[in-house]
Each structure stands twice: as structure tokens, then as C-alpha cells.
Amino acid sequence: MATRFSLISLAGLLVLLALGCAGIAFGSTPIAPGEVARVLAGALGLGDPVAGPLARIVLDLRLPRVLLSVAVGMGLAVVGVLLQTTTRNDLADPFLFGLSSGAAAGAVSVITIFGDRLGVWTLPVAAFAGALVSAAAVLALMARQDGRGPERLVIAGLAVSFLFGALTTFLVFSGDQRAAYSVLFWTAGGLGLASWTNLPLGLFGAGLALATGLALRHRLDALLGGEETARSLGVDVGRLRLLVFALAALATAALVALSGVIGFVGLMVPHLARALVGVRHGVLVATSALLGAILLLASDLVSRILLAPQELPVGIVTSAAGALFVLAVVLRR
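Bear in mind that the values here come from a model prediction, so they are computed numbers and not experimental data. (Residues numbered from 1 in each chain as written. Predicted model: local features only at pLDDT ≥ 70, side-chain atom pairs only at ≥ 80, totals over all residues. Heavy atoms only, no water.)

S.K.: Quick one: what's the story with unusual backbone geometry, residue by residue and with numbers?
M.R.: Of note in the backbone geometry, Arg-88 takes a positive phi value of approximately 55° without being a glycine. Phi at Phe-264 is positive, roughly 75°, even though this residue is not glycine. Counting through the fold element by element, Phe-264 comes out in the loop between α11 (237-259) and α12 (265-277). On the basis of relative accessibility, which here comes to 25%, the residue Phe-264 falls in the partly exposed class. (Helix = DSSP H or I, 4+ residues; strand = E, 2+ residues; numbered from the N terminus. Buried < 20%, exposed > 50% of the residue type's maximum accessible area, 1.4 Å probe, protein only.)

S.K.: Kindly report on a nonpolar patch on the surface, identifying the contributing residues and their values.
M.R.: Taken together, the side chains of Val-302, Leu-306 and Leu-307 make up a nonpolar region of the molecular surface, amounting to roughly 260 Å² of accessible area. You can see Val-302 is positioned in helix α13 (residues 281-305). (Patch = residues over 30% accessible without salt bridge, like charges linked within 9 Å, V, L, I, M, F, W, Y side chains within 5 Å. Areas by Shrake-Rupley, 256 points an atom, 1.4 Å probe, with all protein chains shown as cover. Salt bridge = Lys/Arg side-chain N within 4 Å of Asp/Glu carboxyl O.)

S.K.: Outline the packing of helix α1 (residues 2-25) against α13, listing residues and values.
M.R.: Where α1 meets α13, the closest approach of the two axes is 10 Å, and the angle between their N-to-C directions is 25°. With respect to α13, the axis of α1 lies roughly parallel. Where α1 crosses over α13, the handedness of that crossing is left-handed. Where α1 approaches α13, its residues Phe-5, Ile-8, Ser-9, Gly-12, Leu-13, Val-15, Leu-16, Leu-19, Gly-20, Ala-22 and Gly-23 are matched on the opposing element by Val-283, Ala-286, Thr-287, Leu-290, Ala-293, Ile-294, Leu-297, Ala-298, Leu-301 and Arg-304. Of the residues in the contact of α1 with α13, the class split is 15 nonpolar, 5 polar and 1 charged. (Axes fitted to C-alpha atoms, helices over the stretch in contact; angles between N-to-C directions. Parallel < 35°, antiparallel > 145°, perpendicular 65-115°, else oblique. Left-handed = near helix turned anticlockwise from the far one by under 90°. Contact = heavy atoms within 4.5 Å. Nonpolar A, V, L, I, M, F, W, Y, C, P; charged D, E, K, R; others polar.)

In C-alpha cells:
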């Protein structure tokens with residue numbers, strides 16, 4: 001298994017590197033790979049620095065976007081692993097528990113009503129706050145229940161999701177109708193907000209998800225045998241479930257605050273990773289992070305070149321891939 005994991009990791013890293021180079025080279029303005037290499041070498045001090053529009057496109061626009069794609073893909077995939085294990089629900093993903101609807105409500109309130117009050121940070125801050133409010137609402141509902149089983153978490157998350165979805169629709173219809181396109185693009189997911197300024201927020205979300213999965217991997221492994229088995233091994237299942245959800249909510253809030261609602265990454269990738277490396281969470285979390293980064297980077301590349309120079313919301317591409325994936329699983333079973 002160790003050799004297989006090493007080979008999968010090496011192959012995945014090579015694919016990720018190739019997609020990253022393609023993500024920088026292709027877009028509404030194609031750039032030759034040699035020019036991309038020259039600009040990057042100059043930025044790293046390995047050659048003469050390159051200035052002008054070419055350098056700005058590579059260094060200020062496309063490189064942060066590639067890095068944000070990697071961070072968001074990694075984070076959402078790992079959060080999907082965490083939630084599927086703790087809820088024992090194969091259909092659990094970061095957006096099943098109201099996190100995306102809360103972030104969407106926060107962002108839409110800025111787009112349609114409040115306006116740009118905090119400069120470039122207005123949209124990420126509003127989306128982050130909305131996601132945290134929705135997560136707090138789910139946790140508050142869970143705290144009022146005697147049992148903290150996975151089905152209660154799912155029901156609470158769905159209730160909060162529908163509530164914030166209704167609020168988002170109300171804000172769209174009651175606010176500035178001229179902002180409808182911006183609302184549609186954000187709620188369908190996109191990486192156009194990527195910049196060196198806000199990239200640390202995305203890296204924080206991905207890092208938190210990875211750290212949670214790796215730090216709790218033994219307790220999550222114990223949960224695979226069922227709640228009774230986990231309790232017999234000394235795991236407080238209710239506390240573990242709330243801890244994982246709280247940390248996953250914080251990580252997801254940081255990610256969707258920059259990328260909008262990108263669905264199916266957290267649903268698909270854990271299943272693919274389990275098929276490759278099994279269910280032990282040490283290798284599963286690492287493999288899911290790598291596959292999530294590859295999936296989102298490839299989806300973003302498709303979204304930018306499919307109707308170039310027009311850009312599609314990346315959520316459309318991931319949703320199409322996710323629908324095909326779910327259909328294939330249903331037909332196979």
C-alpha cells in the first residue's frame with residue numbers, strides 16, 4: 001500500500017504541475033509556454049526580470065488563480081472526507097450543511113444592497129461571515145438536541161440551508177436587479193477574486209482542513225467500525241462529530257468566501273480516493289487533497305477556454321462532472 005500510495009502521489013503531483021502550467025498559459029489571452037517559463041524564472045531570480053502586460057497577466061492574474069484553485073480543491077475535498085466519515089453518509093459534502101447557502105447570502109447582501117464598503121475585502125468578508133453564521137446556527141440546533149447523531153446533523157444542516165437559500169432569493173429580488181449577473185456568477189462558483197492579497201485566506205482554509213484530517217485520523221479510523229466500536233476505543237463520538245463539523249465549517253467558510261459555491265468536489269473526490277488507497281484516513285486525506293486540487297484546477301481551465309474569451313462559472317463544470325459521477329455510481333450499483 002505504501003508503494004502504491006507513493007506512485008499515486010508522484011503521478012498526481014506531475015499531473016498537478018502540468019495543469020498548473022496549462023492554467024497559466026491558456027485563457028482568454030494564450031501565452032506560449034516558453035514565455036511563461038521566462039516570466040516565472042525572472043520572478044524567481046533565475047533570469048532577467050520581465051516587465052509589462054505579459055508579466056502582469058502571469059504573475060498577478062493567473063498564478064494566484066492557479067494557487068487558489070489548488071487550495072480550494074484541496075480544502076473542499078478534505079472537508080468532504082471529514083463529513084462523510086463523521087456523518088456516515090456517502091452523500092455528505094461541504095455544502096450539505098448550510099455553509100454554502102450562508103456564504104451566498106452574505107455575498108449577495110453585499111452585491112445587491114450594502115455595496116462595496118470594505119474595498120476588495122468586502123465580498124470575502126461578507127461571505128465568510130455568512131458561512132460562520134450558518135455554521136453557528138447548525139451547531140446551536142445540535143446543542144439543543146439530546147442526541148448528536150449524524151441524522152440530526154444532516155437535518156439541521158438542511159434546514160439552515162433552505163432558510164439561507166430563501167434569504168438569498170429574497171435579497172436578489174428585493175435588491176438592485178442590475179447585479180443579477182454578479183449574483184449568478186458568484187453563486188455558481190468562480191475564481192475571479194484570486195489575488196496575492198486574499199490568497200492567504202484560501203491557504204488558511206485548505207491548511208485547516210488538512211491539519212484537522214491528519215490530526216484526527218486515528219479517531220476517524222476508529223469511527224469506521226461504527227459508533228460502538230469507536231466508544232470502546234475511547235473515542236467520544238458526539239464530541240468528535242461537533243469538533244469536526246466546527247473546524248470543517250471554518251475551513252469551508254474561508255474557501256467559499258473567495259470561490260463562491262463550487263459543488264460536488266467534496267462529494268466526488270473522497271469516493272475516488274477511497275477506490276485508490278482505501279479508507280485509512282492518513283493516506284485518504286492526503287490523496288483526496290491531491291485529487292481535489294487536480295479536479296478543480298482542470299475544471300477552472302475548462303471554464304476559461306470553453307467559451308473564450310467569455311468565462312464560465314467553474315461550478316457549472318464541477319456540477320456537470322459530479323452529475324455524471326453520481327449517475328455512473330448509481331448505474332454501477
